[in-house]
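# Summary of structural features
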Amino acid sequence: MAARSLAQTAAGDTIGPVTIAVARETLVAYANASGDQNPIHQDEDFAKSVGLPDVIAHGMWTLGAAGSVVEEWAGDGGRVVEFGTRFTKPVVVPQGGGEVEVSGVVKSVDEDTRRATVELTATSEGAKVLGRCIAVVQLD
Amino acid sequence: MAVNADFAGRSYPPSGPYAVDAAMLAAFASAVGSQDPVHTSTEAAQAAGYRDVIAPPTFAVTIAQQCDAVFVQDPEAGIDYSRVVHGEQRFVHHRPITAGDSVLGTLTVDTVREAGGHAMVTTRTELTTEEGEALCTSTSTIVIRGGE
C-alpha cells in the first residue's frame with residue numbers, strides 16, 4: 001500500500017461505510033493481545049451479573065477496529081498521527097456475534113502540514129458507540 | 001470509598017522498560033482486524049520507511065495501561081476497579097512504536113473530578129524509548145461509577 005497523498009484528499013471525502021463483524025472469539029483474541037482480561041468482555045454470565053445486557057466489546061477493540069478502517073484509507077498505518085474518541089455506548093456481542101459499522105468524512109485538510117482531519121462514526125444496532133472520534137492523518 | 005483528589009497533578013517515575021516485538025504487534029493488528037502489512041511484514045514496513053514492523057494506532061494503550069496500574073491499583077487512590085468504565089482515549093503519536101523498541105512510560109494524573117455522582121480521572125502517559133526518543137502521548141479518562 002502507498003500512503004495517501006495530499007492531491008488525493010479533499011474536505012468532504014467520505015470513507016466507508018465498512019461493516020465489521022465481532023464474535024466472542026474476536027474479543028478473546030483482543031483480550032490476549034491487549035492484556036485486558038476483564039470478564040465482562042468474555043463471560044456472558046458475569047456480564048449479566050453486573051447489569052450488562054450481554055458480553056460487551058472492549059471499548060478499545062471498537063476504537064482499534066475503527067483505526068483499521070482509517071489505516072486502510074491512509075494507505076499506511078504509521079500515518080495515523082493522532083487518534084481519539086469518547087466511548088458513548090458499548091458494542092453488545094451476543095452468542096451469535098455482533099456488528100459495528102464504521103464510516104468517516106474528511107473534515108479539513110491542512111496544506112501546510114499536509115495533514116487531514118477525519119471524523120469517524122461507529123454504530124452498532126443503530127446506536128452511536130464512539131463519540132467525537134477524530135483521526136489526524138499525515139498525507140504524502 | 002471516594003476517589004482521592006489529592007492524586008491530581010501527581011507524576012510517577014518512569015516505568016518499564018516494556019519490550020515490543022513483532023509477534024505482539026501482529027497479534028494486536030489481527031485482533032483489531034487490520035490488514036495493513038506494515039504491522040506484519042518487515043519488508044513492507046521497510047518499504048514504507050520504517051526500521052521494522054510498526055504498531056497499529058491504538059496499540060500504545062497496552063503499554064499505557066500497564067503504566068497506569070501503579071496509580072489505579074494504589075489503595076490510597078480509592079479507585080474501585082469493578083466500577084470503572086473507559087470514558088475517553090486519545091493518542092498523539094510522535095513516531096510509530098516499532099518492533100525492537102524498549103519503551104518507558106511516565107504517568108501523570110492530570111485531573112480528578114466528581115460529576116453527577118461519578119468520579120472522572122484523566123491520566124496522561126508519555127511513552128519514550130529508553131534513549132529518550134518521544135513515541136506517543138496517551139491520554140485516558142476513566143469514569144468510576146458512583147455507588148448506590
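Preceding this section is the structure that the text describes.
Heads up: these notes are all about the structure in this document. (Residues numbered from 1 in each chain as written. Chains lettered and ligands numbered in written order. Predicted model: local features only at pLDDT ≥ 70, side-chain atom pairs only at ≥ 80, totals over all residues. Heavy atoms only, no water.)

### Some remarks on the packing of aromatic side chains
Residue and element names in this part refer to chain B. This is how it is decided: In this analysis, rings of Phe, Tyr and Trp, with Trp reduced to its six-membered ring, are considered paired at centre separations within 6.5 Å, and the interplanar angle assigns stacked below 30 degrees, edge-to-face beyond 60, and tilted for intermediate values. Strands here mean DSSP runs of E at least two residues long; helices mean DSSP runs of H or I at least four residues long; both are numbered from the N terminus. Only protein chains enter the calculation, and the probe is 1.4 Å; a residue is then buried if its accessible area is under 20% of its type maximum, exposed if over 50%, and partly exposed in between. By the criterion adopted, a ring carries a charge over it if an Arg CZ or a Lys NZ lies within 6 Å of its centre and within 35 degrees of its normal.
Tallied over the entire structure, the rule returns 3 aromatic pairs over all chains. Judged by centre distance (5.6 Å) and plane angle (45 degrees), the rings of F7 and F71 are tilted. In this pair, F7 sits in the segment before β1 (15-19) while F71 sits in helix α3 (residues 60-72), placing the two residues 64 residues apart along the sequence. You can call F7 buried: its relative accessible area is 2%. For F71, a relative accessible area of 0% corresponds to the buried category. The ring of F7 is capped by R10, whose NZ or CZ atom sits 3.9 Å from the centre of that ring.

### Some thoughts on the packing of helix α1 (residues 24-34) of chain A against helix α1 (residues 22-31) of chain B
Note the following rule: Only the contacting stretch of a helix is used when fitting its axis, a line to C-alpha atoms as for every element, and angles between N-to-C directions run 0 to 180 degrees. By the definition adopted for this analysis, an angle is roughly parallel if under 35 degrees, roughly antiparallel if over 145, roughly perpendicular if from 65 to 115, and oblique otherwise. Crossings are assigned a handedness: left-handed for a near helix turned anticlockwise from the far helix by less than a right angle, right-handed for a clockwise turn. Any two residues whose heavy atoms approach within 4.5 Å at even a single point are treated as in contact. Amino acid classes used here: Ala, Val, Leu, Ile, Met, Phe, Trp, Tyr, Cys and Pro are nonpolar; Asp, Glu, Lys and Arg are charged; the rest, including Gly, are polar.
The geometry of α1 of chain A relative to α1 of chain B is characterised by a closest axis approach of 9 Å and an angle of 150 degrees between their N-to-C directions. The orientation of α1 of chain A with respect to α1 of chain B, classified from their angle, is roughly antiparallel. Here the hand of the crossing between α1 of chain A and α1 of chain B comes out left-handed. Note on element contacts: α1 of chain B touches α1 of chain A through A27, F28 and A31 of chain B, opposite T26, A29, Y30, A33 and S34 of chain A. The residue inventory of the contact of α1 of chain A with α1 of chain B, partitioned by class, reads 6 nonpolar, 2 polar and no charged.

### Concerning the interface of chain B and chain A
Short version of the rule: The term buried area refers to how much accessible surface (probe radius 1.4 Å) is lost by two components on association, counted for both of them together. A side-chain nitrogen of Lys or Arg and a carboxyl oxygen of Asp or Glu constitute a salt bridge if their distance falls within 4 Å. Between N or O atoms, a polar contact is any pair within 3.5 Å; within protein, one atom must be a potential hydrogen donor and the other a potential acceptor, and residues adjacent in sequence are included only when both atoms are from side chains. Strands are labelled as partners when DSSP assigns at least two bridges between them.
With 27 residues of chain B in contact, the opposing surface of chain A contributes 26 residues. Considering only the side of chain B, the residues that lose the most area to chain A are A31, V32 and P57 of chain B, jointly responsible for 22% of the buried surface there. The interface formed by chain B and chain A includes 2 salt bridges. For R86 of chain A, the salt bridge is made with E88 of chain B, and the minimal N-O distance between the two is 3.8 Å. At the surface where chain B touches chain A, the tally comes to 12 residue pairs in polar contact (both at pLDDT 80 or more). Among the secondary structure elements, those contributing two or more residues to the side of chain B that touches chain A are α1, α3 and β2 (84-93) of chain B. For the side of chain B that touches chain A, the element with the highest residue contribution is β2 of chain B, accounting for 8 residues. Grouping the constituent residues of the side of chain B that touches chain A by class yields 15 nonpolar, 9 polar and 3 charged. Relative to β2 of chain B, strand β2 (residues 80-87) of chain A is paired through 5 bridges, and the arrangement is antiparallel.

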